[in-house]
Amino acid sequence: MPRDTAPITPETLLMAYASGVFPMAESRADPDIFWVDPERRGVMPLDGFRLSRSLAKLIRQNRFIVTLNEDFDGVVAGCADRAETWINPEIMALYSALHDTGFAHSLEIWDGDTLAGGVYGVTLGAAFFGESMFSRRRNASKVALAYLVTLLNAHGFKLFDTQFLTEHLASLGAIEISRGQYHIRLKDALSKKAKLTGPVPQFPAVMHLRSQTS
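Residues numbered from 1 in each chain as written. Predicted model: local features only at pLDDT ≥ 70, side-chain atom pairs only at ≥ 80, totals over all residues. Heavy atoms only, no water.

Engineer: Hey, could you go over the packing of helix α2 (residues 53–60) against helix α5 (residues 140–154) for me, with residue numbers and the actual values?
Structural biologist: Contact geometry for α2 and α5: axes closest at 10 Å, N-to-C directions at 85 degrees. What the angle tells us is that α2 and α5 run roughly perpendicular. Contacts from L55, L58 and I59 in α2 reach K142, V143, A146 and Y147 in α5. Residue composition of the contact of α2 with α5, by class: six nonpolar, no polar and one charged. (Axes fitted to C-alpha atoms, helices over the stretch in contact; angles between N-to-C directions. Helix = DSSP H or I, 4+ residues; strand = E, 2+ residues; numbered from the N terminus. Parallel < 35°, antiparallel > 145°, perpendicular 65-115°, else oblique. Contact = heavy atoms within 4.5 Å. Nonpolar A, V, L, I, M, F, W, Y, C, P; charged D, E, K, R; others polar.)

Here it is, written out as structure tokens:
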């Protein structure tokens, strides 16, 4: 996609998501942002999350504390903390501004006082646009996604956009659809209302995911 030459604002980002595109940078050091509209789009079916026995066991151990919107900037920084990243300082500032206005959210996984993992994204209508996730403890990002899917279901969301389909996401039940199919689902989700808010469900509610997929 062409690089954007005009200044990008939080409002520009929301219009982009509503149109089915999202921003990326080539690297942490590259200040330019370009728009992406994949021919094949990754989505996580909200009734198709794959909760394995091992992941269910980990969640049942209550090893982690799960919070919502407690450390948004920390989650974005954790997602960018890797050798190669598309999250540059401009993108970090834009999403922080969206968070301040209630359109961007983070779900945090804590191991004691340590931020062990998390996921962040943007909400519009009944759509959640997942941006990135990270782990500093084994399977922390999988735990984050299990809780996030539970929250999205509880609050009436209809679309969980993962942008691309990775092997990691596919193992959890994500699928790939065409651009045309994605836009149909996006239009439907944007016509409805949902709000991502707490409290975060306790692990018995997350275990319900297993009955959907087992």
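Engineer: Any details on the pattern of salt bridges? Residues and values, ideally.
Structural biologist: Counted under the stated rule, the structure contains six salt bridges. With a closest N to O distance of 3.6 Å, R40 and E176 form a salt bridge. Taken as a pair, R40 in strand β3 (residues 40–43) and E176 in strand β9 (residues 175–178) lie far apart in primary sequence, 136 residues in all. For K192, the salt bridge identified is with D188, shortest N-O distance 2.6 Å. Classification of D188 by relative accessible area gives partly exposed; the value is 38%. Taken together, the shared-partner salt bridges in this structure form one network comprising R63, D111 and R137. (Salt bridge = Lys/Arg side-chain N within 4 Å of Asp/Glu carboxyl O. Buried < 20%, exposed > 50% of the residue type's maximum accessible area, 1.4 Å probe, protein only.)

Engineer: Describe the pairing of strand β8 (residues 159–163), listing the residues and the values that go with them.
Structural biologist: In terms of burial, β8 is largely enclosed, as five of its five residues are buried. When β3 meets β8, the two strands line up antiparallel, connected through two bridges. Considered in β8, the bridge of G42 is made with Q163. Direction of pairing for strand β7 (residues 127–135) relative to β8: parallel, over a ladder of three bridges. Opposite F129, over in β8, you have D161 as the bridge partner. (Pairing = 2+ DSSP bridges.)

Engineer: Explain the packing of aromatic side chains to me, using residue names and the numbers behind them.
Structural biologist: Inspection of the entire model under this criterion finds five aromatic pairs. Measuring from centroid to centroid gives 5.7 Å for F72 and Y120, while their planes differ by 80 degrees, and the two rings are edge-to-face. With F72 in helix α3 (residues 72–80) and Y120 in strand β6 (residues 114–124), the pair connects residues that are 48 residues apart, well separated along the chain. Grouping residues by exposure puts F72 and Y120 together as buried. Aromatic side chains F128 and F160 sit 5.3 Å apart centroid to centroid with 85 degrees between the ring planes, which places their arrangement in the edge-to-face category. Here F128, found in strand β7, pairs with F160, found in strand β8; they are 32 residues apart in sequence, far enough to count as distant. Grouping residues by exposure puts F128 and F160 together as buried. (Phe/Tyr/Trp six-rings, centres within 6.5 Å; stacked < 30°, edge-to-face > 60°.)

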